[in-house]
Amino acid sequence: MAIDGQIALDFASHYYPNVLEAMRARWISPQFVATNRIDGGGLYDELREMGTRVNAALGIGTSATHMEWFHGPKGLVFSEIGCRPPGVGCWDLYNAANDMDVYAAWAEGVVHGRISQHPTRSHSAGIVALRPDRDGVISGYTGLEEVENRFGRWIIDANVPVAGTRTQPVEAGFMANAWVRMRHPDYDHLRFMLDEVGRIVQVHAG
């Protein structure tokens, strides 16, 4: 988020796997994860520096921004830049992970030219999409009780469409069918929990 051309709030997130792969294979339970390691230097310093250059090059003044990135053998590349909030309920994850209200901070920045809230980086937070095993109508779930028993304290919220709900196609996105959002102070443990939810919970359709 920028105010008068200066970065006022920043966050960094990762897709597992990359979006193109996730949208091609039904069996994948893809994740979108906001890290609390952004102040750890390295790649995140590169992201911040490039984000600052992008804002300057495009003349972005006071706005929410969303910049998708890839990092590989050719270095850091931004593939999408928008003066808008990101999708996938991303700001909800930032709120849960950072003990703040990003929506209120955005409004404060637009109206008053400043923000009074700052991210704590106390947690990482993520979403795992749970896809039905086929297109049709949801008939039920397995694994929900196990997940609740093992990880309930770390679950932010979930969407579990009732039996009889028509499924949405894979390409409809991360939040089109069932999903679970979680947070944890340790990024690696959060990734483990999201992996486990994706492995354990099965969405059945007929």
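Positions within a chain are numbered from 1, following the residues in the order the chain's sequence is written. Residues qualify for local features only when their pLDDT is at least 70, as the model is predicted, and side-chain atom pairs are given and counted only at 80 or more; totals for whole chains, interfaces and linings, by contrast, use all residues. Remark: hydrogens and water are excluded; side-chain values derive from all non-hydrogen atoms of the structure.

Details of the nonpolar core
Reasoning step 1: With 20 residues, the main nonpolar core has L9, F32, W91, Y94 and V102 as its most contacted residues.
Reasoning step 2: Helix and strand definitions here come from DSSP, where helices need a minimum of 4 consecutive H or I residues and strands a minimum of 2 consecutive E residues; each element is numbered from the N-terminal end. Put simply, the parts of the chain that give this core at least two residues each are strand 4 (31-34), helix 3 (90-98), helix 4 (102-112) and strand 7 (124-130).
Reasoning step 3: Residue contributions to this core peak at 5 residues, all from helix 3.
Reasoning step 4: The contact definition used throughout considers only heavy atoms, calling two residues in contact when any of these lie within 4.5 Å. Among all residues touching Y94, those that are not within four sequence positions of it are F11, S13, A34 and V102.
Reasoning step 5: Among buried residues, the Ala, Val, Leu, Ile, Met, Phe, Trp, Tyr and Cys ones that are joined through side-chain atoms within 4.5 Å form a nonpolar core. In this scheme, a residue with accessible area under 20% of its type's maximum is buried, one over 50% is exposed, and one in between is partly exposed, where area comes from a 1.4 Å probe on protein chains only. Counting residues in each nonpolar core, the second largest holds 18 residues, with V147, A178, L194 and V197 among its members.

Remarks on the environment of Q31
Reasoning step 1: With respect to the helices and strands, the residue Q31 is situated in strand 4.
Reasoning step 2: Between the C-alpha atom of Q31 and that of V180, which follows or precedes it by 149 residues, the distance is 9.8 Å.
Reasoning step 3: Apart from the residues lying within four places of it in its own chain, the contact partners of Q31 are H14, Y15, Y16, I127, V128, F174, R191, L194 and D195.

Considerations on the pattern of salt bridges
Reasoning step 1: Each salt bridge in this description consists of a side-chain nitrogen of Lys or Arg and a carboxyl oxygen of Asp or Glu lying within 4 Å of one another. If you walk through the whole model with that rule in mind, you get 17 salt bridges.
Reasoning step 2: In this structure, the salt-bridge partner of D10 is R121, at a minimum N-O distance of 3.2 Å. Residue D10 is located in the loop between strand 2 (6-7) and strand 3 (13-16), and its partner R121 is located in the loop between helix 4 and strand 7; the two are separated by 111 residues in the primary sequence.
Reasoning step 3: The class of D10 is partly exposed, set by a relative accessible area of 21%.
Reasoning step 4: Between R181 and D92 there is a salt bridge, and its shortest N-O distance comes to 3.2 Å. Here D92 lies in helix 3 and R181 lies in strand 10 (residues 178-184), a separation of 89 residues in the sequence.
Reasoning step 5: For D92, a relative accessible area of 30% puts it in the partly exposed group.
Reasoning step 6: Residues joined by salt bridges that share partners form a network here, namely D10, D39, R48 and R121.

Function cannot be inferred from these measures alone, as they are strictly geometric.
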